[in-house]
Amino acid sequence: MTTDIARTDWTREEISALFDLPFNDLLFEAQTIHRAHHPRNQVQLSTLLSIKTGGCVEDCGYCNQSVHAETGLKAEKLMDVRAVLQSAAQAKDAGSGRFCMGAAWRSPKDRDMPAIIEMVKGVRAMGLETCMTLGMLSEKQSQQLAEAGLDYYNHNIDTSPENYANVITTRTFANRLETLDNVRAAGINVCSGGIVGMGELREDRVGFLHALATMPHPESVPINALVPVKGTVLGNMLADTPLAKIDEIEFVRTVAVARIIMPLSMVRLSAGRESMSEACQALCFMAGANSIFTGDRLLTTANAGDDKDAALFAKLGVSAMGASEPAVKEAACC
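Analysis parameters
Residues numbered from 1 in each chain as written. Predicted model: local features only at pLDDT ≥ 70, side-chain atom pairs only at ≥ 80, totals over all residues. Heavy atoms only, no water. Helix = DSSP H or I, 4+ residues; strand = E, 2+ residues; numbered from the N terminus. Buried < 20%, exposed > 50% of the residue type's maximum accessible area, 1.4 Å probe, protein only. Areas by Shrake-Rupley, 256 points an atom, 1.4 Å probe, with all protein chains shown as cover. Expected span 1.5 Å × (residues − 1). Contact = heavy atoms within 4.5 Å. Salt bridge = Lys/Arg side-chain N within 4 Å of Asp/Glu carboxyl O. Phe/Tyr/Trp six-rings, centres within 6.5 Å; stacked < 30°, edge-to-face > 60°. Lys NZ or Arg CZ within 6 Å of the ring centre and 35° of its normal. Core = buried A, V, L, I, M, F, W, Y, C linked by side-chain atoms within 4.5 Å. Axes fitted to C-alpha atoms, helices over the stretch in contact; angles between N-to-C directions. Parallel < 35°, antiparallel > 145°, perpendicular 65-115°, else oblique. Left-handed = near helix turned anticlockwise from the far one by under 90°. Nonpolar A, V, L, I, M, F, W, Y, C, P; charged D, E, K, R; others polar.

*Asks:* Would you mind going over the overall build of the protein chain with me for this structure?
*Replies:* When helices and strands are tallied, the protein chain shows eleven helices and ten strands. Burial statistics for the protein chain: of 334 residues in total, 57% are counted as buried. If you sum the accessible surface of the protein chain, you get close to 14100 Å²; carbon and sulfur atoms cover 54% of it.

Here you go:
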């Protein structure tokens, strides 16, 4: 990634000016940049599996897996390795090129690492890219995952540094960055994005993207639209209000700006897509989104589903990006 293509010196003023562009001009610039660096009309398919659901001690205001939420979600133990590999095989058969595994932890315990490592090795042996999100990681844990061959680690920054404490109080924005530094130092690709539609202001969306674009750019940038689940702090606050769903044009603007300022990253439409119109999703693809999660569920919330995605792709003339054998990064072999 060269500095002249992927700048890390963006200012908030520059990013705010992109948001303010006439909509058509913004999409034209985003699509032009997208075509210069990515295959046109191709979207990467990823599958996300909750390998350990519920019981997380963090108080993330959007999350129904927090022990602080009152959603009735039952905490479960870490899945058996064989069951995870079976799900991965099914995902590959359905066309996914990346298999993402998420555990509702503040951070994994050392006793969990052997099973996690076996999952990584087993999924990777199928020819799928591997991604995990397990909460905060130490340097040692990051290195263990790198040695197992993990391709991507997801750890979202969620929102702007200024808005972070309004969403989560059990960890800091700096804690998030520390895990990203540990993962990056171990040679694992970074997957980091955030959530929009949490009642934040546009200046927070500017700050969120500015934080991502001024670090070494994440190889994957998921853009989530909040799913306001009743029983969570934000769900109770926003449900049944006009703020419960972000304006679709504003969501597309966020995707377009992400594409412009992080031209080489994969930009993924993540949570909330099941409630988006086909027109909104089509505009997101035009704005440079080139990855989605497939299947009927994400971690614990509904997703659009394979059949709907296939029908939409057929309408748009979009095809699934071919899966390639994951590359082994040099640092992961050390």
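*Asks:* So what exactly am I meant to see when it comes to helix α7 (residues 202–213) here?
*Replies:* Owing to its 3.6 residues per turn, the α-helix aligns residues three or four sequence positions apart on the same side. Over its twelve residues, α7 extends 16 Å from the first C-alpha to the last, a length consistent with the 16 Å expected when each residue adds 1.5 Å. Among the twelve residues in α7, ten count as buried, and that is most of the element. When we look at burial in α7, the residues that qualify are Asp 204, Arg 205, Val 206, Gly 207, Phe 208, Leu 209, His 210, Ala 211, Leu 212 and Ala 213. Against α1 (12–19), α6 (173–185), β6 (194–196), β7 (220–225) and α9 (248–261) lie the buried residues of α7.

*Asks:* What is the right way to read the pattern of salt bridges from this model?
*Replies:* Pairing of side chains with opposite charge becomes possible as their charged atoms draw close. Across all of its chains, the model carries 16 salt bridges by this definition. Close ionic contact of Glu 129 with Arg 98 constitutes a salt bridge, the shortest N to O distance being 2.9 Å. One end of the pair, Glu 129, is in strand β3 (residues 129–133); the other, Arg 98, is in strand β2 (residues 98–103), with 31 residues separating them in the sequence. As far as burial versus exposure is concerned, Glu 129 and Arg 98 are alike and both buried. Between Arg 184 and Asp 181 there is a salt bridge, and its shortest N-O distance comes to 3.4 Å. Of this pair, Arg 184 and Asp 181 both sit in helix α6, three residues apart, which is roughly one turn of the helix.

*Asks:* Looking at this model, I keep getting lost on the environment of Val 183. Mind explaining?
*Replies:* With respect to the secondary-structure elements, Val 183 resides in helix α6. The spacing of Val 183 and Ser 138 is 45 residues in sequence and 8.6 Å in space, taken between C-alpha atoms. Among residues more than four places away in sequence, those in contact with Val 183 are Leu 137, Ser 142, Tyr 153, Ile 188, Asn 189 and Val 190.

*Asks:* Looking at this structure, how should I read the packing of aromatic side chains?
*Replies:* Centre distance and the angle of the planes are the two values used to describe a pair of aromatic rings. Taken as a whole and assessed by the stated rule, the structure comprises two aromatic pairs. Summarising the aromatic geometry, the rings of Tyr 164 and Phe 173 are spaced 5.6 Å apart at their centres and angled 80° between planes, so their arrangement reads as edge-to-face. Accessibility assignment for this pair places Tyr 164 and Phe 173 in one class, buried. Taking the centre distance of 6.1 Å and the plane angle of 80° together, the rings of Phe 285 and Phe 313 count as edge-to-face. Placement of Phe 285 in helix α10 (residues 278–286) and of Phe 313 in helix α11 (residues 306–316) is noted, with a sequence separation of 28 residues between them. Across the ring face of Trp 10, the terminal group of Arg 7 is positioned such that the distance to the ring centre comes to 4.1 Å.

*Asks:* Can you walk me through helix α3 (residues 81–93) in this structure?
*Replies:* Across its 13 residues, α3 extends 19 Å between first and last C-alpha, which sits within 8% of the 18 Å expected from 1.5 Å per residue. Buried residues belonging to α3 abut β1 (42–52), β2 and α4 (113–125). Two residues or fewer after α3 comes Gly 95, characterised by a positive phi angle close to 105°.

*Asks:* Before we go on, may I ask you to explain the nonpolar core in this structure?
*Replies:* By size, the foremost hydrophobic cluster in this structure holds 84 residues, and its most contacted members are Ile 51, Met 132, Leu 145, Phe 251 and Ile 261. Here the element with the most residues in this core is α9; it accounts for eight residues. Residues contacting Phe 251, with those up to four places away along its chain left out, are Val 196, Ile 223, Asn 224, Ala 225, Ile 246, Leu 269, Met 276 and Cys 284. In terms of nonpolar packing, the next biggest core, distinct from the first, is built from five residues, Leu 48, Cys 100, Tyr 152 and Phe 293 among them.

*Asks:* Please explain the packing of α1 against α9 as it appears in this structure.
*Replies:* Packed helices, taken two at a time, are described by their axes: the angle between them and the distance between them. Direction vectors running N to C along α1 and α9 enclose 130°, while the axes themselves pass 9 Å from each other. Taken together, the axes of α1 and α9 lie oblique to each other. For the element pair α1 and α9, the recorded crossing hand is right-handed. Contacts from Ile 15, Leu 18 and Phe 19 of α1 reach α9 at Glu 250, Arg 253, Thr 254, Val 257, Ile 260 and Ile 261. Partitioned by chemical class, the residues of the contact of α1 with α9 number six nonpolar, one polar and two charged.

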